[in-house]
Amino acid sequence: MKLMTCPINGPRAISEFVCAGEVRAMPDPATSSDAAWADYVFNRNAVPAVKQEWWCHTPSGVWFIAERDTSTDTIHRTYLYQPGCLLQPERAA
Amino acid sequence: MFTRHERLKPSYDVVIIGAGGHGLAAAYYLARDHGIRDVAILEKGYLGGGNTGRNTTIIRSNYLTPEGVQFYDESVRLWQDLSQDFDLNLFYSTRGHFTLAHTDAAMRTMRWRAEVNKHFGVASEAVDSQAVRAAIPMMDMTCGGHAPVVGALYHAPGAIARHDAVAWGYGRGADQRGAEIHQNTEVVAIELEDQGSGARVAGVITNRGRIATRKVLCAVAGFTPRLLAMVGLRSPIYIHPLQAMVSEPIKPWLDPIIVSASLHVYVSQSARGELVMGASLDPYELHSTRSTLDFAESLAAHMLDLFPFLSDVKVNRQWAGLADMTPDFAPIMGLTPVRGFYLDSGWGTWGFKATPVCGKTMSYTVAKDADHPLIKGFTFDRFARYALTAEKGAASVGH
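Residues numbered from 1 in each chain as written. Chains lettered and ligands numbered in written order. Predicted model: local features only at pLDDT ≥ 70, side-chain atom pairs only at ≥ 80, totals over all residues.

## A word on the overall build of chain A
Along its length, chain A carries one helix and six strands. Mapped in sequence order, the helices and strands of chain A form the string β-β-β-α-β-β-β. For chain A, with 93 residues in total, the buried portion stands at 10%. Taking the intrachain contacts of chain A between residues at least 6 apart in sequence as the baseline, contacts between residues at least 24 apart amount to 50%. (Helix = DSSP H or I, 4+ residues; strand = E, 2+ residues; numbered from the N terminus. Buried ≥ 20, exposed ≤ 12 C-beta atoms within 10 Å, placed from the backbone. Contact = placed C-beta atoms within 7 Å.)

Written as structure tokens, this is what we have:
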């Protein structure tokens, strides 16, 4: 059984988790152009790499970030969100 | 069956990336219908070794959107003559296709699909549970008591075919007309001239040398984002594995193709007697064709809900392919912002049935440098225009 480590609950079966996709920086919806907003809404970086992704441990509702290699499915690290933890910098509000 | 080419030529009129059904079909129709024979098809693995050889071979046109129904209907028409066209037996077998509804909400979608289909002359109808029982008497209509079948969408033209032969037929036809198939030839870069908005294709760098060309058709699955990165484009495509499995061969008992969206099952019985089974996508992004026990367990459990008497039947093989998923479950085809770079992509879990019509429409698009009318709902720029082609209700079981 494949395991993932929840930062709160420890190692659990992967079936207890859902992936919400790669971490992406949201442009300011008030000032963003339509093209930049469409890029944010639809486009993805689907080249295999070690990526930061949002994951949720559904039985407990814990949202956290996993660093996972999307070519081998190796989970390198999991941790709770903290300001400054994102590899892709958050855009200014 | 195929000509061996020792080396690449320094230039071709058209380079096609990917010797699967789609790429080979495009080469075939480029030569046959448009007289363009100076074509190289580059394949990093072997012919038909990607999703052409990994799907569950179901052919149907009972889609939901007008764009989808017309496109797949043309494909089914092409399929029906293909064995004669190739002089090669594709084992094309019209079986009828039942999409089971287990809830009133699902039944409403079936009626919707039936009405759209009939409007475009496609033979689909919503049928009640008695009709399903009469057609598939060996099925447990209560599905173990927890998902009773209330009706179905019946699509008489639903068919299966021998998938490898499709690649061989198109490949041989293209080869005989002068196109060159180069296996074990990986594209490592695509050369552009005039970067930015005026960018256009100048050549392709492979592990066997450089080719000069003005036109590149990208007809791969699973690797589309990597090829798009070579020309500096971003797209909504993301990659999930799709798994499937077959049982040991058993006596023929299942004539129609059975699909249940609620139970995440599709199944047909092949000419060899194997049950060919598939389910929904793996739940998260992964660029690997590994198989999982989770998949086999859950698919087997749902198969037993439908057909409890199969409990002693063994699973023979299990495998996976890489699916190019899109947000609206429709493909991404045609021209791109890079001139001379054409896409036949985003074929997710629904690409095999479209093989002939993709070859037809993409050969037209490449030859005339203009989108074929049938693919106008599937263009690369539809996302920037927020004009999606919402096909999720009919394209997959994972909803």
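## Things to note about the interface of chain A and chain B
Of the residues lining the interface, 15 residues belong to chain A; the matching set on chain B comes to 20 residues. Take the side of chain A that touches chain B: its biggest share by element is four residues, from helix H1 (residues 34-42) of chain A. A class-by-class count of the residues in the side of chain A that touches chain B yields seven nonpolar, five polar and three charged. (Nonpolar A, V, L, I, M, F, W, Y, C, P; charged D, E, K, R; others polar.)

## Description of the sheet that holds strand E6 (residues 124-128) of chain B
Residue and element names in this part refer to chain B. Taken in spatial order, the eight strands line up as E6-E7-E5-E15-E16-E17-E14-E18 in an open sheet, and their pairing is mixed. Across the chains shown, the open sheet's two edge strands, defined by having one partner strand only, are E6 and strand E18 (315-325). Each neighbouring strand pair of the sheet contributes to a mean axis angle of 20°, computed without reference to strand direction. Helix H7 (residues 293-306) rests against strand E14 (238-247), strand E15 (257-260), strand E16 (265-269), strand E17 (275-278) and E18 of the sheet, and its axis sits at about 70° to E16. (Pairing = 2+ DSSP bridges. Axes fitted to C-alpha atoms, helices over the stretch in contact; angles between N-to-C directions.)

## Notes on the confidence of the model for chain B
Residues with a pLDDT of 70 or more make up 99% of chain B, whose mean pLDDT is 95. With a pTM of 0.95, the predicted complex shows an ipTM of 0.92. (pLDDT = per-residue confidence, 0-100.)

## Overview of the pairing of strand E2 (residues 39-42) of chain B
Residue and element names in this part refer to chain B. Where burial is concerned, the two faces of E2 agree: the one with Val 39 and Ile 41 and the one with Ala 40 and Leu 42 are both buried. Pairing of strand E1 (residues 14-17) with E2, which is carried by four bridges, proceeds in the parallel orientation. Bridging from a neighbouring strand, Ile 16 pairs with Ile 41 of E2. With helix H1 (residues 21-34) bridging E1 and the parallel E2, this β-α-β connection has right-handed handedness. Bridge count for E2 against strand E9 (residues 180-182) is three bridges, and the pairing is parallel. Considered in E9, the bridge of Ile 41 is made with Ile 181. (Right-handed = clockwise from strand over helix to strand, strands pointing away.)

## What about the sheet that holds strand E11 (residues 200-206) of chain B?
Residues and elements named next belong to chain B. One open sheet accounts for three strands, arranged E10-E11-E12; its pairing is antiparallel. One side of each edge strand has no neighbouring strand; the edge strands of this open sheet are strand E10 (187-193) and strand E12 (209-212). Strand-to-strand, the axes of this sheet are offset by a mean angle of 25°, without reference to chain direction. Pairing of E10 with E11, which is carried by six bridges, proceeds in the antiparallel orientation. Counted as the bridge partner of Ile 190 is Val 204 from E11.

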